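Here's the letter readout for the chains.
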Amino acid sequence: MPTARFENGQLVIDGYDNAVAVVDLGGYGGGRNRKVAHLSDLAKHRLDLAFVVEATERLLRFPSDPSVVRTALWQSAIVTFARCFNTKSNARQLDLEAAKVYQDGLPRQLQKYVQDLRDKDIAHDDALVTDSKVCAVLGPDDPKTKVIEVLFLHLNADQLSDPTAIPNLRRLAQDAFDWVVAEFERRCGLLVDELRELPYEQLTTLPVPTIQPKQYPHPTPTP
């Protein structure tokens, strides 16, 4: 399995005995190549789905974890899974299509259910699985005690108490992960065949990859 590391400020990828260089395909074809962009998106989906599988496995193996930990894992897994199928975002050109990944019937219904949880419960408060009321506690019929206090009552359905919830999400994520891996390998093979048709001199003129994670700066107080 290839591994990547930095050495003297340079990106080094181990695992290829006869490798001469690593080149960046981002500029292949004179611009943002659609095939390369789709491979990048598939790889990101693979990372997301691997996280969801790991998170759900943790939920299944350690049911005695603190409630706040289990809720955080569950909500994070829901959001991360749904992100792979989010057709409203422009961050990735290639979103996963449920019709391609899952068979018709229950699997697609479950995928839509998870998407609805993300959209209407976790990311936005549409009261999909919650209910709340503002209530008044009444006392004896007296001007000072007939209304004792005003309360806010909030009830949230415990999704994790459903014995099918976590296994269903894990199965959805695993099936999608397997599909993404197969599709990624298929497209990589096609791209390798295409690149092998190019003159070697053209391949060696492609740029060396540079990787710099983006930083979102924290606000600093003004003097």
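Residues numbered from 1 in each chain as written. Predicted model: local features only at pLDDT ≥ 70, side-chain atom pairs only at ≥ 80, totals over all residues. Heavy atoms only, no water.

## Remarks on the overall build of the chain
Per the secondary structure count, the chain includes six helices and four strands. Helices and strands in the chain line up, N terminus first, as β-β-α-α-α-α-β-β-α-α. A globule of 223 residues ought to have a C-alpha radius of gyration of about 17 Å, yet the chain, at 25 Å, is considerably larger. Burial analysis of the chain (223 residues in total) assigns 26% to the buried set. Nonlocal contacts in the chain, meaning residues at least 24 apart in sequence, comprise 62% of its contacts between residues at least 6 apart. Approximately 15,900 Å² of the chain is accessible, and the part contributed by carbon and sulfur atoms is 56%. (Helix = DSSP H or I, 4+ residues; strand = E, 2+ residues; numbered from the N terminus. Rg over C-alpha atoms; globule rule 2.2 N^0.38 Å. Buried < 20%, exposed > 50% of the residue type's maximum accessible area, 1.4 Å probe, protein only. Contact = heavy atoms within 4.5 Å. Areas by Shrake-Rupley, 256 points an atom, 1.4 Å probe, with all protein chains shown as cover.)

## A look at a nonpolar patch on the surface
A cluster of nonpolar side chains, namely V134, L138, V147, V150 and F152, defines an oily patch on the protein surface of about 550 Å² accessible area. Counting residues per element, the ones that place at least two in the nonpolar patch are β3 (130-138) and β4 (147-156). At three residues, the largest contribution of residues to the nonpolar patch is made by β4. One can find V150 in strand β4. (Patch = residues over 30% accessible without salt bridge, like charges linked within 9 Å, V, L, I, M, F, W, Y side chains within 5 Å. Salt bridge = Lys/Arg side-chain N within 4 Å of Asp/Glu carboxyl O.)

## Points about the packing of aromatic side chains
Taken as a whole and assessed by the stated rule, the structure comprises two aromatic pairs. Measuring from centroid to centroid gives 5.2 Å for F81 and F85, while their planes differ by 40°, and the two rings are tilted. F85 carries the same exposure label as F81, and that label is buried. Ring geometry for F85 and Y102: centres 6.0 Å apart, planes at 25°, overall stacked. Of this pair, F85 sits in the loop between α2 (67-83) and α3 (98-101) while Y102 sits in the loop between α3 and α4 (106-122), placing them 17 residues apart in sequence. Grouping residues by exposure puts F85 and Y102 together as buried. (Phe/Tyr/Trp six-rings, centres within 6.5 Å; stacked < 30°, edge-to-face > 60°.)

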